[in-house]
Amino acid sequence: MNPITFEITHIDKNSGARTGILHTPHGDVETPMFMPVGTQATVKFISPEELVEMGSGIVLANTYHLWLRPGEDIVAKAGGVQNFMRYPGPMLTDSGGFQVFSLAKTRKITEEGVEFRNILNGDKMFLSPEKSIQIQNKIGADIMMSFDECIPFPATYEYAKKSMERTLRWAERGKNANTRPDEQGIFGIVQGGEYEDLRHYCAEKLVEMDFPGYAIGGTSVGEDKETFRKMVQMSQEVLPFDKPRYLMGVGAVNDLLDAVSMNIDMCDCVLPTRIARHGTLMTSHGRINIRKAQYKEDFRPLDEECDCYTCRNYTRAYLNHLCRANEGFGTRLFSIHNIRFLIKLMEDARTAIKEDRFNEFKAEKLATMKFDERGF
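Residues numbered from 1 in each chain as written. Predicted model: local features only at pLDDT ≥ 70, side-chain atom pairs only at ≥ 80, totals over all residues. Heavy atoms only, no water.

S.K.: Outline the pattern of salt bridges, listing residues and values.
M.R.: Tallying each qualifying case throughout the model produces 24 salt bridges. In this structure, the salt-bridge partner of Glu-30 is Lys-354, at a minimum N-O distance of 3.0 Å. Here Glu-30, found in strand S3 (residues 27-31), pairs with Lys-354, found in helix H14 (residues 328-354); they are 324 residues apart in sequence, far enough to count as distant. By relative accessible area, which is 39% here, Glu-30 ends up partly exposed. The residue Asp-210 makes a salt bridge to Lys-243 at a minimum N-O spacing of 2.7 Å. With a gap of 33 residues between them, Asp-210 in the loop between helix H8 (196-209) and strand S12 (213-216) and Lys-243 in the loop between helix H9 (225-236) and strand S13 (245-247) connect regions that are remote in the sequence. On the accessibility criterion, Lys-243 (18% relative accessible area) is buried. Members of the salt-bridge network, linked through shared partners, are Glu-112, Glu-130 and Arg-173. (Salt bridge = Lys/Arg side-chain N within 4 Å of Asp/Glu carboxyl O. Helix = DSSP H or I, 4+ residues; strand = E, 2+ residues; numbered from the N terminus. Buried < 20%, exposed > 50% of the residue type's maximum accessible area, 1.4 Å probe, protein only.)

S.K.: Go over the sheet that holds strand S2 (residues 18-24), please, and point to the residues and values.
M.R.: One open sheet holds the 3 strands; their spatial order is S1-S2-S3, and the pairing between them is antiparallel. Each edge of the open sheet carries a strand with a single partner, namely strand S1 (5-11) and S3. The mean angle between the axes of side-by-side strands here comes to 20°, regardless of whether they run parallel or antiparallel. In the sheet, S2 pairs with S3 via 5 bridges, with the strands oriented antiparallel. In the strand pairing of S3, His-23 is matched with Asp-28. Relative to the sheet, H14 contacts S1, S2 and S3, its axis offset from that of S2 by approximately 120°. (Pairing = 2+ DSSP bridges. Axes fitted to C-alpha atoms, helices over the stretch in contact; angles between N-to-C directions. Contact = heavy atoms within 4.5 Å.)

S.K.: Could you give an account of the state of the cysteines, naming the residues involved and the relevant values?
M.R.: Summed over all chains, the structure comprises 0 disulfides. Considering cysteine sulfurs only, Cys-202 is the nearest to Cys-150, which forms no disulfide, with 12 Å between them. On the accessibility criterion, Cys-150 (6% relative accessible area) is buried. Its sulfur unpaired, Cys-311 is 3.7 Å from the next cysteine sulfur, which belongs to Cys-308. (Disulfide = S-S within 2.5 Å.)

S.K.: Explain the packing of helix H6 (residues 129-139) against helix H7 (residues 157-177) to me, using residue names and the numbers behind them.
M.R.: The packing of two helices is summarised by the inter-axis angle and the distance between the axes. Two elements in contact, H6 and H7, have axes separated by 8 Å at closest approach and are oriented at 40°. Relative to H7, the element H6 is oriented oblique. For H6 against H7, the interelement crossing comes out right-handed. Here H6 contributes Pro-129, Glu-130, Ile-133 and Asn-137 to the contact with H7, which in turn contributes Trp-170, Arg-173, Gly-174 and Ala-177. (Parallel < 35°, antiparallel > 145°, perpendicular 65-115°, else oblique. Left-handed = near helix turned anticlockwise from the far one by under 90°.)

S.K.: Tell me about the nonpolar core, and please be specific about residues and values.
M.R.: With 77 residues, the main nonpolar core has Val-81, Met-91, Leu-206, Leu-247, Leu-256, Leu-342 and Phe-358 as its most contacted residues. The greatest single-element share of this core, amounting to 10 residues, is contributed by H14. Not counting the four nearest positions on each side in its chain, Leu-256 is found in contact with Phe-34, Val-250, Gly-251, Cys-267, Leu-342, Leu-345 and Met-346. If you look at the next biggest cluster of nonpolar residues, it comprises 18 residues, including Ile-4, Phe-6, Leu-60 and Phe-187. (Core = buried A, V, L, I, M, F, W, Y, C linked by side-chain atoms within 4.5 Å.)

S.K.: If you had to explain the packing of helix H10 (residues 253-261) against H14 to someone new, which residues and values would you point to?
M.R.: Remark: H10 packs on H14, axes separated minimally by 11 Å, with the N-to-C direction vectors making an angle of 30°. Classified by the interaxial angle, the pair formed by H10 and H14 is roughly parallel. The handedness of the crossing between H10 and H14 is right-handed. Side by side, H10 and H14 meet where Val-253, Leu-256, Leu-257 and Val-260 of the first sit next to Phe-341, Leu-342, Leu-345, Met-346 and Ile-353 of the second. The class makeup of the residues in the contact of H10 with H14 is 9 nonpolar, no polar and no charged. (Nonpolar A, V, L, I, M, F, W, Y, C, P; charged D, E, K, R; others polar.)

If you want it as structure tokens, here you go:
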């Protein structure tokens, strides 16, 4: 029995965007959705209870980091990652593949897997597709990710092709290594850089392996926005319409709305908590830096259109004070707001799709928010 199933509930008759329900062992979640990232089995500065209150569905944890600390055996002894961190909803673990990209200076890639340097003590460690799934089986998340190589941008056609073909072989090895197929599903990851034929081939071969869902990887690694959109479009063209699609590492508002337009169901990113640590906040009128002097005597809510705890209870002036004083409570309030902002954005997107007005919703959001060359 497949532990991960998906049903499409509505297709916008004008835009083609869709809503759905993803069924998991730890509950059902509506799509499209934004998934907060809890790298170390915690979303920075936010409690699991607060995540539930703000409407979070799936939360991510990082296989590589939990492997290093506290170790997958401890998480397993706790009864799995949900029990360990006390989050009652569905969870997803990445494969460690992004560390192949982010730890490029200390890694060695072979057909068998990747040799890393432990970022905590410098010890040599080795991660293979089988080892990645073994660790994820012990961590116990509802959705596991295939072990892949996230290549840099730009990359030559030859390198992208060689990497993509190896990623396919790793995907099959990882799928065969799953010891809990009735409890945990694996998503295959489409790679292939900026090359259409490679992405199409990768998607076709992954579909033949019959995963319960598919992810699009290798984006948001330095490419321009036009290339990013092309990479996503090329990847999703071949994927089955009736299975969930997950665009990895995307959290900018314009990118999320573009993703929904292309029938992406799931997105995640560390962006909302990362920028919160520097006092940068997402609002219905664009990004603001709450540290700026213009907010010292601004006694309005941060965002009148937001229903989060921060906006219901505190003024811009107080948030400005907390930021300037480097108070930890400020970082908590900023993180709560940014996470809820993106969750609500996707809630509103779902409502617009169900009412067949997603095109108008997207145009309105893009018109009222200020964008720079990087997006929102």
